[in-house]
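# Coordinate analysis (summary)
Spelled out, the chains give:
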Amino acid sequence: MRKKVIMARLGIDTGGTFTDAVLLDDEGNMLGTCKVPSDNGNPANAVFNAACRVCEQCGIDLHDVRDLVHGTTVATNVSLEENGPRIALITTKGFRDVLEIGRLTRPASALYDLMDAGRKPLVARRDRFEVTERIDKDGAVLEELSEAEVREAVAVARSRGITSVAVCFLFSFINPAHELRAREVIRRVAPEMDISLSCEILPQVREYERTSAAAINAYLQPVCKPYLRTLQDKFRDSGVDANIWVMQSNGGVTSPEDASENPINLLMSGPSGGVVAVKDIARRLGLGDVISVDMGGTSFDVSCIIGGDVPLTSSGETMNMPLRIPTVDISTIGTGGGSIAFSDVAGQLHVGPRSAGACPGPASYGHGGTEPTVTDANVVIGYIPDGERLGRDIVVSREAAVAACEPLAACLGISVLELAYGIRRISTSAMAGAVREISVGKGRDPRSFSLLAFGGAGPLHAVDIARAMGIMKVVVPKAAGVLSALGLVSSSVVRTFTKSMMGLAQDAPAIGNAANGLLTKAHEFNEGLPAGEMSFSFIFDMRYAGQNSTIPVAIADPFSSSIETDAAEEFNQRHEALNGYASYESDVMIDAVNLVFSKSIVAKRCYVPAFDAPGVTIEPIATRTVWRPDGSAVELPVIDLDRVVSPGVVEVPCVIASSTTTIVVPECSSCIIDAEGNVVIEVEE
């Protein structure tokens, strides 16, 4: 009889090229990892295949998995490609054109172009319907909702094949009665239609931002909801009864049902897992402030972790629309292992943002790719060796990589090796630029940070990026190639509840009432969750009277007897830190009170197992031929990270290889593998 082994969690992260899986036991010990090619046509297939593959490798039955946590790119891809469905908007009479008017700003590219008409709004004007209703700024009903006009709008939308509608009425963030009633009417006449209410998606002041949030959610729902349902059905039909969780943009997980109704929270689902893992590793190693860089097959993600906290922002943008939901602060550029190199009409070499993706992938993967990519450049140079097996499905071919590079090299009048090094330099420069934007561009000195690199391709370029930015320490976690998946399995359930207030910070009773109402909602939300440790934190959106933009301010105790002075003082300090001054004589306003609910659903935090043996010099297992730009070759020692059983010193230069990534350690640096299997590189000036 098979011995039943209950696994703690299985994390699966879908990327543009690979889908990564990490399997941990009840004690948080890593049992195995794997990578399978992503399936852009049906990503649920790749998720299921990764789950089966990693369980098979570890000798574990898939039915013994208790929790499955998934980071998805479905919402991200829809927003990037803008290939979502046609949607409708129902709004207050007179506010049909809010999405088109926006904030009357113009993109820098068209600032002086008087003929530029701007981008088309997410909802076509003919699909934006006005209905009679009116609520004033105090929440009083001035004019009742015309249900007949709602029914008429839905009938027209259905006749046009529209299956998703956003509803945004004036001042619904104060009194949502009309939006809630509109949903009842729509469900009665069109039960198949997806409905997004602004009072639930973003219950805050500012009509344009709230309308945008409802429209974005409505745009994503018809794509994300079927995907999550398919994913659940795929596992259920196979007899797998695991709890399925979905990673959100705020660094926490939620149920598939909640994610289906609020897909706007999934726009940064995939990258968020990596930042959560970096936060844990940085705290574990005492690294202080960290810049995390994640280079996968299609993109490069950068984030700054300061003071041990996952960085959140509510001032993002997607599809040229404001994104005011809490999101992990990540900067992304289109540079990855699959980024394609090309020359323009002037003979200038460029890399990306166009990518070979998972299909056909880089030419060296042998799946039909013919254009040179960053991965092919690394194969030509020899950092990734000929014959290297990536999972079960890919065997690297240097001959194919050279063949892909030859036409472009001939066009530029250089050798294939010179082209390969040129591709590396250009991609590294672009990635260093992204690091500069999120550090120097925000007043942070990158030299005071450590660089923590992960992703399948990140460690290949990490030291070059660090040198370009003057960063002296690079850390590559042992599980770098699948770190985002590892971050998924160590995440908590997180949900943000918001109450619009629009009052003075000196109004203690209003602050207390808002906080109490949010706590009630959080406890109701908690009722359906597994047992675990809960935490609550309050964040106030605050501004000076007369200011247009708010600043999020963490408030320790909204029920304190001194909350009136505490809130104002916290805001003044935060405003001065961000803007260089504080206006102590001005009235301080609170636009919204936010409650961040967090609940850990794992008994123990998940880390890579630590080693106990004393430090020694780690011997290489082989050498790897690496070609210089002039065509000469050098043999670099190769350290197999998966076989290292004790911490020690690594002689440089060398290549450190694992089953999920490759680390290039050049000269003018020193390197150790620490007690947890992390590669720590000190970069010399």
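For the structure itself, consult the block above.
Criteria and cut-off values
Residues numbered from 1 in each chain as written. Predicted model: local features only at pLDDT ≥ 70, side-chain atom pairs only at ≥ 80, totals over all residues. Heavy atoms only, no water. Helix = DSSP H or I, 4+ residues; strand = E, 2+ residues; numbered from the N terminus. Buried < 20%, exposed > 50% of the residue type's maximum accessible area, 1.4 Å probe, protein only. Contact = heavy atoms within 4.5 Å. Areas by Shrake-Rupley, 256 points an atom, 1.4 Å probe, with all protein chains shown as cover. Lys, Arg positive; Asp, Glu negative; His and termini not counted. Charge placed at Lys NZ, Arg CZ, Asp CG, Glu CD. Pairing = 2+ DSSP bridges. Axes fitted to C-alpha atoms, helices over the stretch in contact; angles between N-to-C directions. Expected span 1.5 Å × (residues − 1). Bend = angle between axes of the 7 residues up to and from the residue. Phe/Tyr/Trp six-rings, centres within 6.5 Å; stacked < 30°, edge-to-face > 60°. Salt bridge = Lys/Arg side-chain N within 4 Å of Asp/Glu carboxyl O. Core = buried A, V, L, I, M, F, W, Y, C linked by side-chain atoms within 4.5 Å. Parallel < 35°, antiparallel > 145°, perpendicular 65-115°, else oblique. Left-handed = near helix turned anticlockwise from the far one by under 90°. 1 Å grid on protein atoms, 1.4 Å probe; cavity = no way out; pocket = protein on both sides within 12 Å on 5 of 7 lines; lining within 4 Å. Points joined across faces, edges and corners; volume = space filled by probe spheres on them.

This part is about the overall build of the protein. A tally of regular secondary structure across the protein gives 16 helices and 37 strands. Counting only residues that meet the buried cut, the protein has 55% of its 685 residues in that class. For the protein, restricting intrachain contacts to residue pairs at least 6 apart in sequence, the fraction spanning at least 24 positions comes to 68%. Total accessible area computed for the protein in this model is approximately 28500 Å², and 50% of it derives from carbon and sulfur atoms. Side-chain charges in the protein split into 60 positive and 85 negative, and the spacing between the mean points of these groups amounts to 4 Å.

The strands making up a sheet associate through backbone hydrogen bonding, with each pair oriented either parallel or antiparallel. Pairing in this open sheet of four strands is mixed, and the strands run 31-32-34-35 from one edge to the other. Lying at the two open borders of the sheet, with one neighbouring strand each, are strand 31 (622-627) and strand 35 (662-665). Ignoring which end each strand starts from, the neighbouring axes of this sheet average 30 degrees apart.

With that settled, the discussion passes to helix 11 (residues 398-412). Along its 15 residues, helix 11 runs 21 Å from first to last C-alpha, staying within 8% of the 21 Å computed at 1.5 Å per residue. Of all the bends in helix 11, the greatest, near 35 degrees, is centred on glutamate 406, and the proline proline 407 appears no more than four residues after it. Residues Ala401, Val402, Ala404, Cys405, Leu408 and Ala409 constitute the buried set of helix 11. Where helix 11 is buried, its residues meet strand 20 (339-343), strand 21 (349-355), helix 10 (374-381) and helix 12 (416-438). Of the residues one or two after helix 11, glycine 413 is the one with positive phi, at around 75 degrees.

A few words on the packing of aromatic side chains. One pass over the structure, following the stated rule, counts eight aromatic pairs. Here phenylalanine 18 and tyrosine 365 contribute two aromatic rings whose centre-to-centre distance is 6.1 Å and whose plane-to-plane angle is 55 degrees, an arrangement assigned as tilted. Separated by 347 residues along the polypeptide, phenylalanine 18 in strand 2 (residues 18-24) and tyrosine 365 in the loop between strand 21 and helix 10 bring together distant segments of the chain. Geometrically, the ring pair formed by phenylalanine 538 and phenylalanine 559 is edge-to-face, given 6.3 Å between the ring centres and 90 degrees between the ring planes.

This brings us to the pattern of salt bridges. Under the counting rule described, the total for this entry stands at 30 salt bridges. A salt bridge links aspartate 127 to arginine 160; the shortest N-O distance between them is 2.9 Å. Separated by 33 residues along the polypeptide, aspartate 127 in the loop between helix 3 (98-101) and strand 6 (128-131) and arginine 160 in the loop between helix 4 (147-159) and strand 9 (164-168) bring together distant segments of the chain. For aspartate 127, a relative accessible area of 2% gives the class buried. A salt bridge links aspartate 640 to arginine 643, with the nearest nitrogen and oxygen atoms 3.2 Å apart. Here the salt bridges share partners, and the residues they tie into one network are Glu147, Arg151, Arg181, Glu184 and Arg188.

Another aspect to go through is the environment of valine 276. By the element assignment, valine 276 lies in helix 9 (residues 269-285). With relative accessibility at 4%, the residue valine 276 sits in the buried group. For the pair formed by valine 276 and valine 652, sequence separation is 376 residues and the distance between their alpha carbons is 31 Å. Residue contacts for valine 276: discarding those within four places in its chain leaves Met247, Gly251, Val310, Gly487, Ser490 and Ser491.

Compared with an ideal rise of 1.5 Å per residue, which puts twelve residues at 16 Å, helix 13 (residues 458-469) spans 15 Å between its outermost C-alpha atoms and is within 8% of the ideal. Along helix 13, nine of the twelve residues are buried, which leaves the element largely enclosed by surrounding structure. Among the residues making up helix 13, those that are buried are Gly458, Pro459, Leu460, His461, Ala462, Val463, Ile465, Ala466 and Met469.

Another point: the pairing of strand 10 (residues 194-197). In regular strands, side chains alternate between the two faces of the sheet. The alternating pattern of strand 10 places Asp194 and Ser196 on one face and Ile195 and Leu197 on the opposite face, and all of these are buried. The pairing of strand 9 with strand 10 spans four bridges and is classified as parallel. Each residue of the ladder has a partner; that of valine 167, found in strand 10, is leucine 197.

Another aspect to go through is the side chain of aspartate 294. For aspartate 294, the location among the structural elements is in strand 13 (residues 290-295). Once residues within four sequence positions are removed from consideration, aspartate 294 is found in contact with Ser299, Phe300, Asp301, Phe454, Gly455 and Ser484.

The next subject is the pairing of strand 14 (residues 300-305). The buried count for strand 14 comes to six of six residues, which makes it a mostly enclosed element. Side chains of strand 14 alternate between two faces, with Phe300, Val302 and Cys304 and Asp301, Ser303 and Ile305 buried alike. Examined bridge by bridge, strand 13 and strand 14 share six bridges and lie antiparallel to one another. Its bridge partner lying in strand 14, serine 292 is registered against serine 303. As consecutive antiparallel partners, strand 13 and strand 14 are separated by four residues. As defined by bridge partners, strand 14 adjoins strand 19 (residues 331-333) across three bridges and the pair is classed as antiparallel. Looking across to strand 19, one finds that phenylalanine 300 is bridged to isoleucine 333.

Our focus in this paragraph is the nonpolar core. Among the nonpolar cores identified, the biggest contains 88 residues, and Ile291, Phe300, Leu451, Leu452, Ile656, Val679 and Ile681 are the most heavily contacted of them. Sequence-distant contacts of valine 679, that is, excluding residues within four places in its chain, are made with Val474, Val475, Val476, Leu641, Ile656, Ile663, Cys671, Ile672 and Ile673.

Bringing the packing of helix 12 against helix 13 into the picture now. In contact at an axis separation of 9 Å, helix 12 and helix 13 are set at 60 degrees when each is read in the N-to-C sense. Classified by the interaxial angle, the pair formed by helix 12 and helix 13 is oblique. In terms of crossing hand, the pair formed by helix 12 and helix 13 is right-handed. Judged by residue contacts, Arg424, Ser427, Thr428, Met431, Ala432, Val435 and Arg436 of helix 12 engage Leu460, His461, Asp464, Ile465, Ala468 and Met469 from helix 13.

This part is about empty space enclosed by the protein. Evaluated as defined, the whole model comprises two cavities of 30 Å³ or more. In this structure, the second largest cavity encloses a volume near 40 Å³. Contributions of two or more residues to the lining of the second largest cavity are made by helix 9, strand 13 and strand 14. Of all the elements, strand 14 adds the most residues to the lining of the second largest cavity, at three residues.

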